[in-house]
Amino acid sequence: MTASTSTQSASSADIHDPTSAAYKRARRNHLKSTRGRPEHGDADWTPFRAAEKKYKARFPPPDLYDVLDHAVADPERLQEVAQGKWKGRADAIPCKDIPLQDGEGRMRRAYTFPGTPGLVLLPAFISPTEQRRLVRWALCKQAKHPNETNLDTHYVLPPDGLWNRYMRVRAGLLEDTEVPPRASFQDAQCQPNGGTEVGPRKLISNAPASPANYLELVTTPKPAAAPSQSLCPVPTSNLIRRLRWANIGWYYHWGTKQYDFTRGPGEIAPLVRDLCKGVVQSIPWDRVFDEGQEHVTMEGGEGGSDWMDWKTTYEPDAGIVNFYQTKDTLMAHVDRSELSATSPLVSVSLGCAAIFLIGGLTRDDPPTAILLRSGDIVIMSGPACRRAYHGVPRILEGTLPPHFEGGEETDWDVYEEYLRSTRININVRQVFPKGFDPTTVQQP
């Protein structure tokens, strides 16, 4: 066990030990931050909001008794569970296991959930070796031009990618030079810590995308976001921790929460495309959807799911790579941007573990909590599941699995150090439904 591994394990354990300095420090911070808070301030919280608050809490550490965690019953993952300290229960939530149709002869199982038709969990689906490949792909190849990242709006990033520059800095091949802000800041007040624009965040609530409103989506103005005027140059080594997402495939316009189809389709790397298609083809969909469940009509008039054809029609063409740090969250939201409201959304977890919440069509539906670990895959499919509220309220610190530690790759120590406080999530979806050809739609 390396020194960094020992630090990770101790840090994760300390917060659960009432006699530790970390626990006492968290308690002091909690008492300070909650001083003067109304006693019944949570009276108006929806069930989903209450769950978010529960798992976000830094003190006391949340109890994961009601969180589904299949790893605790997997003999091959016991070291990972023990080292990370956080654990739920394998029987916390009613679910049904189904065999996977693996063409390579491997025995695999998936799990479905009676309360959320179309939700499929595939624990430890990706091998440790493949997980490392995906991490390298996400950082080296996807988080760079021509793929948009959250940093591109505000900084002039290196043409070959911020991570690739960072790796050369760590190897001693380059100086840790500062990355310049995109906007001129000479006459503006600098925020040395790289702050962002202030002011209330604008909430956007669009009608669900569908073939019926495709022309409206295409013609809606999607102006480029303005770069912050108050940022200062930041060293490469500091900016790398501010990377939050990188676009995959069709370009997603965050200002309108719609796809910008005028920019054309982006590339889906074969590594990711083949993984997603293979997962979808391995699922016995007739076991996922009981008779009648697929005939749900959703908001906007969307019909039932076409799961019978997914093994041949599913074609991933859009998505995002999320780079979560341990204090990041993804609050409850609904995906309404894809014209295909039923086809599978494939979500891959890498690095640190996280709590995933999925509820129903409103925040008033109590959510299901699932502990997602590195190598797990979640599929959201069908009309009810694809329009369900979901989020990630907590990245669990100290949960990097042992297979990311060390190895024969000479540069892996930089990746390992980064991953100790990071969860990488690759989620990919299909934008257009079966039979819809956007090139045949007449524009005004």
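Residues numbered from 1 in each chain as written. Predicted model: local features only at pLDDT ≥ 70, side-chain atom pairs only at ≥ 80, totals over all residues. Heavy atoms only, no water.

1. Let's talk about the overall build of the protein chain
We count it as follows: Segments assigned H or I by DSSP are reported as helices when at least four residues long, segments assigned E as strands when at least two residues long, and all are numbered from the N terminus. Here the term buried applies to any residue with accessible area under 20% of the maximum for its type, exposed to any over 50%, and partly exposed to those in between, with areas from a 1.4 Å probe on protein chains only. Contact criterion: two residues are considered in contact whenever any of their non-hydrogen atoms come within 4.5 Å of each other.
Within the protein chain one finds 13 helices and 16 strands. Across the 444 residues of the protein chain, 51% fall into the buried class. Expressed as a percentage of contacts within the protein chain between residues at least 6 apart in sequence, the contacts between residues at least 24 apart total 80%.

2. Here we look at the packing of aromatic side chains
The condition that has to hold: Put simply, two rings from Phe, Tyr or Trp (the six-membered ring, in Trp's case) pair if the centres are within 6.5 Å, and we call them stacked under 30 degrees between planes, edge-to-face over 60, tilted for the rest. Here, a charge over a ring is recorded when the distance from Lys NZ or Arg CZ to the ring centre is within 6 Å and its angle to the ring normal is within 35 degrees.
Overall, the coordinates contain 20 aromatic pairs when judged by the stated rule. Ring geometry for Trp250 against Phe261: centres 5.2 Å apart, planes inclined by 75°, an arrangement best described as edge-to-face. Separated by 11 residues along the polypeptide, Trp250 in the loop between β6 (245–249) and β7 (252–253) and Phe261 in the loop between β8 (258–259) and α9 (270–282) bring together distant segments of the chain. Side by side, Trp250 and Phe261 carry an identical accessibility label, which is buried. For the ring pair Trp285 and Phe289, a centre distance of 6.3 Å and an interplane angle of 25° mean the geometry is stacked. The buried category is assigned to Phe289, whose relative accessible area is 3%. Above the plane of the ring of Tyr65 lies Arg89, whose end atom (NZ or CZ) is 3.8 Å from the centre. Here Arg263 stacks its cationic end above the ring of Tyr251, 3.7 Å away from the centre of that ring.

3. A look at the packing of helix α5 (residues 128–142) against helix α13 (residues 412–419)
Quick reminder of the rule: Lines fitted to C-alpha atoms define the axes here, with helix axes fitted over just the stretch in contact, and angles between the N-to-C directions of these axes take values from 0 to 180 degrees. If an angle is under 35 degrees, it is roughly parallel; if it is over 145, roughly antiparallel; if it lies from 65 to 115, roughly perpendicular; otherwise it is oblique. Just so you know the grouping, Ala, Val, Leu, Ile, Met, Phe, Trp, Tyr, Cys and Pro go in nonpolar, Asp, Glu, Lys and Arg go in charged, and all remaining residues, Gly too, go in polar.
Relative to each other, α5 and α13 sit at 85°, their axes nearing to 12 Å. When the axes of α5 and α13 are compared, the pair comes out roughly perpendicular. On α13, the residues that touch Arg132, Val135, Arg136, Leu139 and Cys140 of α5 are Trp412, Tyr415, Tyr418 and Leu419. Taken together, the residues of the contact of α5 with α13 sort by class into 7 nonpolar, no polar and 2 charged.

4. Here we look at the nonpolar core
Convention followed: Note on terminology: a nonpolar core comprises buried Ala, Val, Leu, Ile, Met, Phe, Trp, Tyr and Cys residues joined through side-chain atoms within 4.5 Å.
Counting 61 residues, the largest nonpolar core has Leu122, Trp163, Trp285, Phe323, Ile377, Ile424 and Ile426 as its most contacted members. Setting aside its immediate chain neighbours within four residues, Phe323 contacts Ala138, Leu139, Ala143, Leu243, Arg244, Trp245, Ala246, Asp328, Tyr418, Arg423 and Ile424.

5. A few points about the sheet that holds strand β15 (residues 390–395)
Note the threshold: Strands qualify as paired when DSSP identifies two bridges or more between them.
An order of β10-β15-β12-β13 is seen for the 4 strands of this open sheet, with the pairing classed as antiparallel. Single-partner strands in this sheet number two, and they are β10 (330–333) and β13 (368–372). Taking the axes of each pair of neighbouring strands and ignoring which way they run, one obtains an average angle of 25° across the sheet. As paired elements, strand β12 (residues 354–358) and β13 share 5 bridges and run antiparallel to each other. Bridge pairing links Phe356 to Ile370 in β13. Its contacts with the sheet put helix α3 (residues 47–56) on β10, β12, β13 and β15, and the angle it makes with β15 is roughly 15°.

6. Here we look at the pattern of salt bridges
Selection rule: By definition, a salt bridge exists where a carboxyl oxygen of Asp or Glu is found within 4 Å of a side-chain nitrogen of Lys or Arg.
Inspection of every chain in the model, using the stated rule, returns 24 salt bridges. Residues Asp69 and Arg373 are paired through a salt bridge, measuring 2.9 Å at the closest nitrogen-oxygen approach. Residue Asp69 is found in the loop between α3 and α4 (78–84), and its partner Arg373 is found in the loop between β13 and β14 (377–380); the two are separated by 304 residues along the sequence. The exposure classification of Asp69 matches that of Arg373, with both residues buried.

7. Some words on the sheet that holds strand β11 (residues 345–351)
In space, the 8 strands of this open sheet follow the order β1-β2-β3-β14-β11-β16-β9-β6, with antiparallel pairing throughout. Both edges of this open sheet fall to β1 (96–99) and β6, since each of them pairs with a single strand only. With direction set aside, neighbouring strand axes in the sheet form an average angle of 20°. Most of the contacts of α13 go to strand β16 (residues 422–429), to which it runs at about 90°, and overall it touches β9 (318–325), β11 and β16.

8. A short note on α13
The element α13 is extensively covered by neighbouring structure, given that 6 of its 8 residues are classed as buried. The complete set of buried residues in α13 reads Trp412, Val414, Tyr415, Glu416, Tyr418 and Leu419.

9. Regarding the pairing of β15
Burial analysis of β15 places 6 of its 6 residues in the buried class, the great majority of the element. As defined by bridge partners, β10 adjoins β15 across 2 bridges and the pair is classed as antiparallel. Looking at the pairing, Leu330 lines up with Val392 of β15. Taken together, the 4 bridges between β12 and β15 define a ladder with antiparallel strand orientation. In the sheet register, Leu357 faces β15, and the bridge partner there is Gly391.

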